[in-house]
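Structural overview
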Amino acid sequence: MTHIITRLCLRDTACVEVCPVECMVLGHPEEQWPWLYIDPDTCIDCGACVPECPYEAIFPEEEVPFDFVAPPGVWIAGTKEELPDGVPFEGEVDGHHVKLLNAKQLAGGETLDLTEDIPPNYAFFSEGPGYDALNM
């Protein structure tokens, strides 16, 4: 198994710095790949990235919630297709500066099926740029 980064990711790269196998890649182009991605073939499932994520966006694949209840004020990011009412955002979130092409702040209480974020993680490496995004 691998770990999965979900739409709760606001492109903070603290998790990348602690990965012992360097399997995490920031999505590019951002309008198609709006968060960070974990290479499922390289991930050793160590979990070092999980506590480093300030947005609690990373889960072991088998624990990605299908019924995540969003707390008030949580932000999500996505493509325009996935998140049509999203807007560009730049500012502070939980003490971290973020700059996103398409994001939305939730009122709280919304239930999100974060398992929908599993296929894009695999697709980033099989169909998308994968490690080539490091050079973009």
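For the structure, see preceding data.
A few points on the structure. (Residues numbered from 1 in each chain as written. Predicted model: local features only at pLDDT ≥ 70, side-chain atom pairs only at ≥ 80, totals over all residues. Heavy atoms only, no water.)

1. Quick look at the pairing of strand 7 (residues 87–93)
For strand 7 and strand 8 (residues 96–105), the ladder comprises six bridges, and the chain directions are antiparallel. Its bridge partner lying in strand 8, valine 87 is registered against alanine 103. Where strand 7 folds back onto strand 8 in an antiparallel hairpin, the turn is made up of two residues, including aspartate 94, whose phi is positive at roughly 55 degrees. (Pairing = 2+ DSSP bridges. Helix = DSSP H or I, 4+ residues; strand = E, 2+ residues; numbered from the N terminus.)

2. Considering empty space enclosed by the protein
One pass over the full model with this rule turns up two cavities of 30 Å³ or more. Within this model, the largest cavity holds a volume of roughly 80 Å³. Surrounding the largest cavity, 13 residues form its lining, Cys19, Cys23, Cys43, Cys46 and Cys49 being those nearest its centre. Looking at side-chain class alone, the lining of the largest cavity contains 10 nonpolar, two polar and one charged residues. The computed volume of the second largest cavity comes to approximately 60 Å³. (1 Å grid on protein atoms, 1.4 Å probe; cavity = no way out; pocket = protein on both sides within 12 Å on 5 of 7 lines; lining within 4 Å. Points joined across faces, edges and corners; volume = space filled by probe spheres on them. Nonpolar A, V, L, I, M, F, W, Y, C, P; charged D, E, K, R; others polar.)

3. With respect to the environment of cysteine 43
Summarising the element assignment, cysteine 43 is placed in the loop between strand 3 (36–38) and strand 4 (58–60). Once the C-alpha coordinates of cysteine 43 and glutamate 30 are considered, the two residues, 13 residues apart in sequence, prove to be 22 Å apart. With sequence-adjacent residues up to four places away left out, cysteine 43 is seen in contact with Thr2, His3, Val21, Cys23 and Ile38. (Contact = heavy atoms within 4.5 Å.)

4. Remarks on unusual backbone geometry
Of note, the amide linkage connecting histidine 28 to proline 29 takes the cis form, showing an omega dihedral of -10 degrees. Here proline 29 lies in the loop between strand 2 (24–26) and strand 3. Of note, the phi angle at arginine 11 is positive, near 65 degrees, even though the residue is not glycine. Tracing the backbone through its elements, the reader meets arginine 11 in the loop between strand 1 (3–5) and helix 1 (14–18).

5. Brief notes about the sheet that holds strand 7
A sheet is described by the order of its strands in space; here three strands give the open sequence 6-8-7, paired in antiparallel fashion. Looking along the sheet, the strands with just one partner apiece sit at the ends: strand 6 (75–77) and strand 7. Going across the sheet, the axis of each strand differs from the next one's by a mean of 50 degrees, ignoring polarity. Where strand 6 and strand 8 come together, three bridges link them in antiparallel fashion. Residue pairing for strand 8: tryptophan 75 is matched across the bridge by glutamine 105. (Axes fitted to C-alpha atoms, helices over the stretch in contact; angles between N-to-C directions.)

6. Examining the environment of alanine 77
Position of alanine 77 among the secondary structure elements: in strand 6. Measuring from C-alpha to C-alpha, the distance between alanine 77 and leucine 36 comes to 11 Å, with 41 residues separating the pair along the chain. When residues no more than four places from it in sequence are discounted, the contact partners of alanine 77 are Arg7, Cys9, Leu10, Pro34, Trp35, Leu83, Asn102 and Ala103.

7. Topic: the nonpolar core
Ranked by internal contacts, the top residues of the largest apolar core, which has 43 residues, are Ile5, Leu8, Leu10, Met24, Ile38 and Ile58. Counting only elements with at least two residues in this core, the list comes to strand 1, strand 2, strand 3, strand 4, strand 6, strand 7, strand 8 and helix 2 (118–126). Ranked by residues supplied to this core, first place goes to helix 2 with four residues. If we ignore the near neighbours within four places in the chain, the residues touching isoleucine 58 are His3, Ile4, Ile5, Cys15, Met24, Ile38, Cys49, Val50 and Cys53. (Core = buried A, V, L, I, M, F, W, Y, C linked by side-chain atoms within 4.5 Å. Buried < 20%, exposed > 50% of the residue type's maximum accessible area, 1.4 Å probe, protein only.)

8. A short note on the packing of aromatic side chains
Considering all chains together, one arrives at seven aromatic pairs under this definition. Between tyrosine 37 and phenylalanine 124, the ring centres sit 4.4 Å apart and the planes meet at 10 degrees, which makes this aromatic pair stacked. Of this pair, tyrosine 37 sits in strand 3 while phenylalanine 124 sits in helix 2, and the two are 87 residues apart along the sequence. In terms of burial, tyrosine 37 and phenylalanine 124 fall into one category: buried. Between phenylalanine 124 and phenylalanine 125 the ring centres are 5.0 Å apart and the planes differ by 85 degrees, which places this aromatic pair in the edge-to-face class. Residue classification places phenylalanine 124 among the buried residues on the basis of a relative accessible area of 0%. Chaining the aromatic ring pairs together yields one cluster made of Trp33, Trp35, Tyr37, Phe124, Phe125 and Tyr131. (Phe/Tyr/Trp six-rings, centres within 6.5 Å; stacked < 30°, edge-to-face > 60°.)

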